[in-house]
Amino acid sequence: MKVDASWTPTFDDDYKNILSTDNRKLLTKQSMMNKANLSMYSKKLLERGCLVKNEHGGIEVNKILMPVPVGDIVEYTFTLDMKEN
């Protein structure tokens, strides 16, 4: 979520894609996850609707999952029930 929330365009034609090459490298490094596992989790999160494609074809976190800060406080409570078919 941090990658998604802190994204800003570099060029006029930039679009948000949290799974871009640079972001995937950052995610694998910070989470100590290998490429295959990141790919598997990304696919599952897309299937479950936690990640969604934007109008440009990039991937971003579903807006309903993004916390909204109130002043200096971010409070976010939810129950995520993910079941196999």
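Check the entry above for the structure.
Within each chain, residues carry numbers counting from 1 in the order of the written sequence. The model is predicted, so local features are restricted to residues of pLDDT at least 70 and side-chain atom pairs to those at 80 or more, both for listing and for counting; the totals for chains, interfaces and linings are taken over all residues. Calculation of side-chain values draws on the structure's entire complement of heavy atoms; hydrogens and water are dropped beforehand.

Caption draft 1: Spotlight on helix 3 (residues 35-48). Numbering of helices and strands starts at the N terminus; helices are DSSP runs of H or I of at least 4 residues and strands are runs of E of at least 2. Multiplying one less than the number of residues by 1.5 Å gives the expected span of a helix. Helix length check: helix 3, at 14 residues, gives a terminal C-alpha distance of 20 Å against a target of 20 Å (1.5 Å per residue), a fit within 8%. The backbone nitrogen of A36 has a side-chain oxygen 3.2 Å away, supplied by the residue at the start of helix 3, namely N34. Looking one or two places after helix 3, you find G49, whose phi comes out positive at around 90°. Polar contacts here mean pairs of N or O atoms no more than 3.5 Å apart (in protein, one a potential hydrogen donor and the other a potential acceptor; neighbouring residues in sequence count only if both atoms are side-chain atoms).

Caption draft 2: Focus on the environment of L27. Structurally, L27 is set in helix 2 (residues 21-31). Only protein chains enter the calculation, and the probe is 1.4 Å; a residue is then buried if its accessible area is under 20% of its type maximum, exposed if over 50%, and partly exposed in between. Among the residues examined, L27 registers a relative accessible area of 27% and is labelled partly exposed. On a C-alpha basis, the gap between L27 and L38 in space is 8.1 Å, while along the polypeptide they are 11 residues apart.

Caption draft 3: Looking closely at the environment of S42. Assignment of secondary structure puts S42 in helix 3. Only heavy atoms matter for contacts: two residues are in contact if any of them lie within 4.5 Å across the pair. The residues contacting S42, other than those within four sequence positions of it, are L19 and L51.

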